[in-house]
Amino acid sequence: MSDVKVNVYTPTGSVVGYFLNPSVQAFPEGDYEVSGEFFDADGERIQKLDFNPQAFPYTADLSDHPGAAHRKIENVYVQRGRQPVRMSGNAGIPQ
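The rules behind the values
Residues numbered from 1 in each chain as written. Predicted model: local features only at pLDDT ≥ 70, side-chain atom pairs only at ≥ 80, totals over all residues. Heavy atoms only, no water. Core = buried A, V, L, I, M, F, W, Y, C linked by side-chain atoms within 4.5 Å. Buried < 20%, exposed > 50% of the residue type's maximum accessible area, 1.4 Å probe, protein only. Helix = DSSP H or I, 4+ residues; strand = E, 2+ residues; numbered from the N terminus. Contact = heavy atoms within 4.5 Å. Phe/Tyr/Trp six-rings, centres within 6.5 Å; stacked < 30°, edge-to-face > 60°. Lys NZ or Arg CZ within 6 Å of the ring centre and 35° of its normal. 1 Å grid on protein atoms, 1.4 Å probe; cavity = no way out; pocket = protein on both sides within 12 Å on 5 of 7 lines; lining within 4 Å. Points joined across faces, edges and corners; volume = space filled by probe spheres on them. Nonpolar A, V, L, I, M, F, W, Y, C, P; charged D, E, K, R; others polar.

**What about the nonpolar core?**
Argument step 1. Of all hydrophobic cores here, the largest spans 20 residues; its most connected members are Val8, Phe19, Phe38, Leu49, Ile73 and Met87.
Argument step 2. Where this core is concerned, the elements lending two or more residues are β1 (5–9), β2 (15–20), β4 (31–36), β6 (58–61), β7 (72–80) and β8 (85–90).
Argument step 3. A total of three residues in this core trace back to one element, the largest contributor, which is β7.
Argument step 4. For Leu49, the residues in contact, after removing those within four places along its chain, are Val16, Phe38, Val78, Gly81, Val85 and Met87.

Printed below as a string of structure tokens:
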């Protein structure tokens, strides 16, 4: 079985990092929660991911995850910055 990677991007398209083999939960209205081991853009496992409630939201690419009904989620915010990292977001319009 190959590894599943969920990339996370800034609003300008820069890579923040990625989840490797994350748990992805889907909720009604297209809401998602992604959690698991998080690595920075260089592939280093982070100790703590900083977050700011006033920061622009991230986007996440779920296209590599076999159980996700959507390929991309937006309005992704960090809910837990320490490992295992947890983020939540919304798919908006079904893809």
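**With respect to the packing of aromatic side chains**
Argument step 1. Across all of its chains, the model carries two aromatic pairs by this definition.
Argument step 2. Between the aromatic rings of Tyr18 and Phe39, the centroid separation amounts to 5.4 Å while the plane-to-plane angle is 20°, which identifies the pairing as stacked. One end of the pair, Tyr18, is in strand β2; the other, Phe39, is in strand β5 (residues 38–40), with 21 residues separating them in the sequence.
Argument step 3. For Phe39, a relative accessible area of 15% puts it in the buried group.
Argument step 4. Between Phe19 and Phe38, the ring centres sit 4.9 Å apart and the planes meet at 75°, which makes this aromatic pair edge-to-face. Of this pair, Phe19 sits in strand β2 while Phe38 sits in strand β5, and the two are 19 residues apart along the sequence. Residues Phe19 and Phe38 agree in their burial class; the two are buried.
Argument step 5. Its guanidinium or amino end placed over the ring of Tyr18, Lys5 lies 4.2 Å from that ring's centre, counting from NZ or CZ.

**Some points on empty space enclosed by the protein**
Argument step 1. The tally for this structure, following the rule as stated, stands at one cavity of 30 Å³ or more.
Argument step 2. Approximately 30 Å³ is the volume found for the largest cavity.
Argument step 3. Surrounding the largest cavity, Val6, Val8, Phe19, Val34, Ala60, Ile73, Val76, Met87 and Ser88 form its lining.
Argument step 4. Among the secondary structure elements, those contributing two or more residues to the lining of the largest cavity are β1, β7 and β8.
Argument step 5. Broken down by class, the residue content of the lining of the largest cavity amounts to eight nonpolar, one polar and no charged.

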